[in-house]
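Chain and residue survey
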Amino acid sequence: MFLTITTTGSADRPATDLGFLLHKHPDKAQQFSTAHGTAHVLYPEADPERCTAALLLEVDPIALVRRSRGKGRGGAPDSALGQYVNDRPYAASSLLAVALRSVFSSAMKGQCAARPELVARAMPLRIEVPVLPARGGAELVRKLFQPLGWQVLAEAVPLDETFPEWGDSRYVRLVLEGECTLAEALRHLYVLLPVLDDAKHYWVAPDEVEKLLRAGEGWLEGHPEQRVIVGRYLARRWSLTREAMARLELERLAESDDVAAEEIDNAVDEEADTEERPVPLAVQRREAILAVLRSAGAERVLDLGCGQGQLVGALLKDPQFTEIVGLDVSMRALHEARRRLRLDRMSERQAARVRLLQGSLAYTDARLKGYDAAVLSEVVEHVDPERLPALEYAVFGAARPRTVVVTTPNVEYNVRWESLPAGHVRHADHRFEWTREEFRGWAREVAARHGYEVDFGPVGPDDPEVGPPTQLAHFRRAEGGDSGKAAGAGAGAGAVVAGGRGESAVGTGTGTGTGTGIGAGTGIGAGNGLGAAAGVGRHEEGSSSVSGEEGAV
């Protein structure tokens with residue numbers, strides 16, 4: 001993709017002032033990394049009478065395919081070849097618009113510390129885009145740019161010059177000439193290039209409304225093709241389009257009355273609105289986990305069972321956490337996490353801090369070793385009871401981070417949920433929910449077996465009768481903790497959720513190591529009885545099996 005910006009000048013107003021506004025020196029050829037390739041800035045000509053700055057964007061089509069999710073041309077799921085053979089590396093699109101914002105961000109914002117007097121100066125500009133997709137043809141190109149004061153030349157590009165009878169393609173060669181500030185010109189291009197292409201290479205999230213309104217400030221609220229621009233820019237997401245149109249109408253009314261928009265949109269008195277809104281339990285849980293991780297001095301963190309990535313996103317906002325790994329067994333959840341986190345739009349430096357991995361906590365995983373901390377947030381209750389010992393060993397016995405944070409629902413608090421029928425768990429996928437005593441018993445046994453110390457804390461309102469809605473355990477690896485203590489991890493943890501009316505308790509477990517171990521545990525099962533079991537097992541390299549004697553019920 002290629003774009004040039006040319007201006008003319010004189011001895012007292014040299015054209016090379018363009019270099020100050022763009023923050024790119026005319027004597028240098030520079031390159032910048034973008035999410036989908038490399039942008040080059042160079043000056044084919046630079047003298048006081050005439051100066052031209054060129055932006056060349058080299059797109060890596062393989063990276064584009066890897067980071068796309070099937071949106072727009074080149075990512076169509078119904079054509080594998082179409083992902084690699086398309087116009088994306090050559091025709092101006094949202095890829096070029098993003099590169100403009102990235103490479104010329106200060107110029108687009110109207111910032112120039114070296115020569116601030118240049119920012120507000122209108123200058124003669126000529127902008128050329130050799131290949132521009134135009135869904136709507138040259139007529140739509142003129143409708144979009146002419147109301148902004150541009151003289152527009154939009155020449156249709158023939159399908160093949162050798163065979164003129166084939167007709168014209170849907171691409172045009174665009175030339176704009178006019179006099180305005182450079183910041184205004186860049187904002188026009190940033191919005192209207194993807195509008196003409198009518199496709200975006202990235203997911204359109206709600207924050208795109210803010211981007212559109214910032215770039216369109218001063219010209220979009222009165223544009224005759226406003227609805228077309230807003231609808232196409234927001235990829236026809238009607239909820240976002242309605243929001244943007246409402247805010248633009250408010251700006252238009254404010255301008256016509258010569259008042260600030262806030263003075264018109266004053267139906268709600270924020271100072272008088274003193275109603276306290278409860279903080280969602282999920283937010284309180286993340287804040288509690290972050291507080292523990294910060295106090296532990298953790299920098300490299302595992303989010304085990306990361307789901308849709310809410311905790312990963314919160315960790316990314318804190319520069320203390322330099323490496324964040326989210327692991328989940330569900331590929332669907334990982335895809336949703338990638339979308340929510342907008343990994344394809346992160347800077348390379350930010351994206352280097354996070355990895356999303358597929359894996360199961362039922363097995364040891366060498367990728368999880370060597371981290372400062374691991375989080376199991378609302379995870380253990382989703383694990384089948386017979387697999388709990390395997391999870392325990394994978395985290396505490398094999399990965400062995402310095403800090404482990406575990407949160408799980410407190411079943412005693414369920415009576416406080418008016419919408420939860422008696423005897424039901426909070427989520428259909430919960431295999432069990434523990435009382436405070438059961439959770440603390442399990443956590444203390446895990447800590448003893450693996451050389452950790454453990455503290456407990458509430459998350460949410462701590463009811464004096466039934467405790468908090470969520471309970472938290474903070475494990476700290478004891479100094480000189482013996483990893484061999486994992487050898488008997490099977491029976492105790494396996495027995496925690498065993499037991500029922502007239503049943504015996506049996507614990508099974510897996511582990512790695514050599515030696516013998518003894519495990520014991522008690523717990524409340526799905527029935528009404530209290531089960532107890534104890535067992536002795538011999539662990540050999542690669543696997544283990546521990547079974548309990550018949551327990552009293």
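Quick summary incoming for the structure in this document.

What counts, and at which threshold
- Residues numbered from 1 in each chain as written.
- Predicted model: local features only at pLDDT ≥ 70, side-chain atom pairs only at ≥ 80, totals over all residues.
- Heavy atoms only, no water.
- Pairing = 2+ DSSP bridges.
- Helix = DSSP H or I, 4+ residues; strand = E, 2+ residues; numbered from the N terminus.
- Axes fitted to C-alpha atoms, helices over the stretch in contact; angles between N-to-C directions.
- Contact = heavy atoms within 4.5 Å.
- Buried < 20%, exposed > 50% of the residue type's maximum accessible area, 1.4 Å probe, protein only.
- Polar contact = N/O pair within 3.5 Å; in protein donor to acceptor, adjacent residues only side chain to side chain.

1. What to know about the sheet that holds strand 2 (residues 30–34)
Taken together, seven strands build an open sheet; the order of strands is 2-3-4-1-5-7-6 and the sheet is antiparallel. The sheet terminates laterally at strand 2 and strand 6 (151–158), the two strands that pair on one side only. Taking each pair of neighbouring strands and ignoring which way they run, the sheet shows an average axis angle of 15°. Where strand 1 (residues 2–8) meets strand 5 (residues 123–133), four bridges bridge the pair, whose relative direction is antiparallel. Looking across to strand 5, one finds that Thr-6 is bridged to Arg-126. Contacts between helix 3 (residues 94–103) and the sheet are confined to strand 1, strand 2, strand 3 (37–46) and strand 4 (50–59), with strand 4 contributing the most and set at about 120° to the helix. Each of strand 1, strand 5 and strand 7 (168–180) touches helix 6 (residues 182–197); the most contacted strand, strand 5, lies at about 15° to it.

2. A word on the sheet that holds strand 13 (residues 452–459)
Spatially, seven strands are ordered 10-9-8-11-12-14-13 in an open sheet, and the strand pairing comes out mixed. Since the sheet does not close on itself, it has two edges, and those belong to strand 10 (354–358) and strand 13, each with one partner. Across the sheet, the axes of successive neighbouring strands diverge by a mean angle of 15°, strand direction being ignored. Sheet analysis places strand 13 next to strand 14 (residues 470–477), joined by eight bridges and oriented antiparallel. Across the sheet, residue Glu-453 finds its bridge partner in strand 14, namely Arg-476. Lying on the sheet, helix 13 (residues 331–341) is in contact with strand 9 (323–328) and strand 10; it crosses strand 10 at an angle near 165°. Packing against the sheet, helix 16 (residues 436–450) makes contact with strand 12 (403–409), strand 13 and strand 14, and its axis sits at approximately 155° to strand 13.

3. So, the side chain of Thr-6
If you trace the backbone, Thr-6 turns up in strand 1. According to the relative accessible area criterion, Thr-6 is buried, its value standing at 5%. A polar contact of 2.8 Å, which involves the side chain of Thr-6, links it to the side chain of Thr-52. Sequence-distant contacts of Thr-6, defined by excluding residues within four places in its chain, comprise Glu-45, Arg-50, Cys-51, Thr-52, Pro-124, Leu-125 and Arg-126.

4. With respect to the pairing of strand 1
Strand 1 sits mainly inside the fold: five of its seven residues count as buried. Pairing between strand 1 and strand 4: seven bridges, direction antiparallel. Bridge pairing in strand 4 links Leu-3 to Leu-55.

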